[in-house]
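Here is what each chain is made of, one letter per residue.
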Amino acid sequence: MEALLTYCLSMPGAEKDYPFGPDPLVMKAGGKMFAILTESSMSLKCDPIIAENLRQQYEAITPGYHLNKKHWNSIAIDGSIPQDELQDMIKHSYELVLKGMTKAERSRIAELAGSKS
């Protein structure tokens, strides 16, 4: 799980938040959630068609727990899904969140990312 957290934090403008208390850890970009992590699972935003395909492909992926089941998947981190596939899902979630932002918000995140380098 630590590697997934590190990957989430590598996204430009990504930051940790705990809006629901000490657990779960929520990853946000521009104030918008793109990942929710617990000790043994994570939930990610996903295009509805891709979300359904992933659910059919992997038993460890189910509709988002306590989330919009059309746009979120919950993923059991049980070793059944390759790490690179999990990273692709995180990146997809992050990109969907960015896509929903205004141009000004995306520019602000790009500036923040540039100042970290």
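Please read all numbers here as calculations on a predicted model, not as lab measurements. (Residues numbered from 1 in each chain as written. Predicted model: local features only at pLDDT ≥ 70, side-chain atom pairs only at ≥ 80, totals over all residues. Heavy atoms only, no water.)

### Observations regarding the overall build of the chain
As a reminder, the rule being used: Numbering of helices and strands runs from the N terminus, with a helix taken as a DSSP run of H or I at least four residues long and a strand as a DSSP run of E at least two residues long. Values of the radius of gyration come from C-alpha atoms, whereas the globule rule sets the reference at 2.2 Å times the count of residues to the power 0.38. Partly exposed describes any residue whose relative accessible area lies between the buried limit of under 20% and the exposed limit of over 50%, with all areas from a 1.4 Å probe on protein chains only and scaled to the type maximum. We call two residues in contact whenever any of their non-hydrogen atoms come within 4.5 Å of each other. Where accessible areas are quoted, they stem from the Shrake-Rupley method and a 1.4 Å probe; at the residue level, only the protein chains shown are allowed to cover. Under the counting rule used here, the positive set is Lys and Arg, the negative set is Asp and Glu, and His together with the chain ends is not counted. For the purpose of locating charges, the reference atoms are NZ of Lys, CZ of Arg, CG of Asp and CD of Glu.
Helix and strand counts for the chain stand at 4 helices and 6 strands. Going residue by residue from the N terminus, the α and β elements of the chain occur as α-β-β-β-β-α-β-β-α-α. For 117 residues, the compact-globule formula gives about 13 Å, and the C-alpha radius of gyration of the chain, at 14 Å, lands near that figure. By the burial criterion, 36% of the 117 residues in the chain qualify as buried. In the chain, 46% of the contacts between residues at least 6 apart in sequence involve partners at least 24 apart. For the chain, the accessible surface area stands at approximately 6800 Å², while carbon and sulfur atoms represent 53% of it. One way to put it: in the chain the 13 positive side-chain charges average out to a point 10 Å from where the 15 negative ones average out.

### Looking at the packing of helix α1 (residues 2-9) against helix α3 (residues 83-99)
In a pair of packed helices, the angle between the axes and the distance between the axes together describe the arrangement. We count it as follows: Helix axes use the C-alpha atoms of the stretch in contact, all axes being lines fitted to C-alpha atoms, and the angles between their N-to-C directions lie in the range 0 to 180 degrees. Crossing chirality is assigned from the near helix's rotation relative to the far helix, an anticlockwise turn below a right angle marking it left-handed and a clockwise turn marking it right-handed. We call Asp, Glu, Lys and Arg charged. Ala, Val, Leu, Ile, Met, Phe, Trp, Tyr, Cys and Pro are nonpolar, and the rest, Gly among them, are polar.
Interaxial distance between α1 and α3 falls to 10 Å at its minimum, and their mutual angle equals 35°. Judged by the twist between their axes, the crossing of α1 over α3 is right-handed. Here α1 contributes Ala3, Leu4, Tyr7 and Cys8 to the contact with α3, which in turn contributes Gln83, Leu86, Gln87, Ile90 and Lys91. Taken together, the residues that form the contact of α1 with α3 break down as 6 nonpolar, 2 polar and 1 charged.

### Section: the nonpolar core
So the rule is basically this: Definition used in this section: a nonpolar core is a set of buried Ala, Val, Leu, Ile, Met, Phe, Trp, Tyr and Cys residues joined via side-chain atoms within 4.5 Å.
Formed by 30 residues in total, the largest nonpolar core has its most connected members in Met27, Phe34, Met42, Ile75, Ile81, Met89 and Ile90. Taken together, the elements giving at least two residues each to this core come down to α1, β2 (25-29), β3 (32-37), β4 (41-45), α2 (48-57) and α3. In terms of residue count, the dominant contributor to this core is α3 (6 residues).

### A few points about the environment of valine 26
Assignment of secondary structure puts valine 26 in strand β2. Relative accessible area serves as the criterion here: at 0%, valine 26 is assigned to the buried category. Spatially, the C-alpha atoms of valine 26 and alanine 76 are 16 Å apart, while their sequence positions differ by 50 residues. When sequence neighbours within four positions are dropped, the list of residues in contact with valine 26 reads Glu15, Lys16, Asp17, Pro19, Phe20, Met33, Ala35 and Ile36.

### A look at the pattern of salt bridges
Test applied: A carboxyl oxygen of Asp or Glu within 4 Å of a side-chain nitrogen of Lys or Arg is what we treat as a salt bridge.
In this structure the tally under the stated criterion is 2 salt bridges. As a salt-bridge pair, aspartate 17 and lysine 28 come within 2.8 Å of each other at their nearest N and O atoms. With aspartate 17 in strand β1 (residues 14-17) and lysine 28 in strand β2, the pair connects residues that are 11 residues apart, well separated along the chain. According to the relative accessible area criterion, aspartate 17 is partly exposed, its value standing at 27%. Glutamate 52 serves as the salt-bridge partner of arginine 55, at 3.6 Å between the closest nitrogen and oxygen.

### Quick notes on the packing of aromatic side chains
Rule in force here: Stacked, edge-to-face and tilted are the three classes for Phe, Tyr and Trp ring pairs, Trp counted by its six-membered ring, which pair at centre distances within 6.5 Å; planes under 30 degrees apart are stacked, over 60 edge-to-face, the rest tilted.
As enumerated under the stated definition, the model contains 1 aromatic pair in all. Seen in terms of ring centroids, phenylalanine 34 and tyrosine 94 are 5.3 Å apart; in terms of plane orientation they differ by 80°. Their pairing is edge-to-face. With phenylalanine 34 in strand β3 and tyrosine 94 in helix α3, this pair connects stretches of sequence that are 60 residues apart. A residue is classified by how much of its surface remains accessible, and phenylalanine 34, at 0% relative accessible area, is buried.

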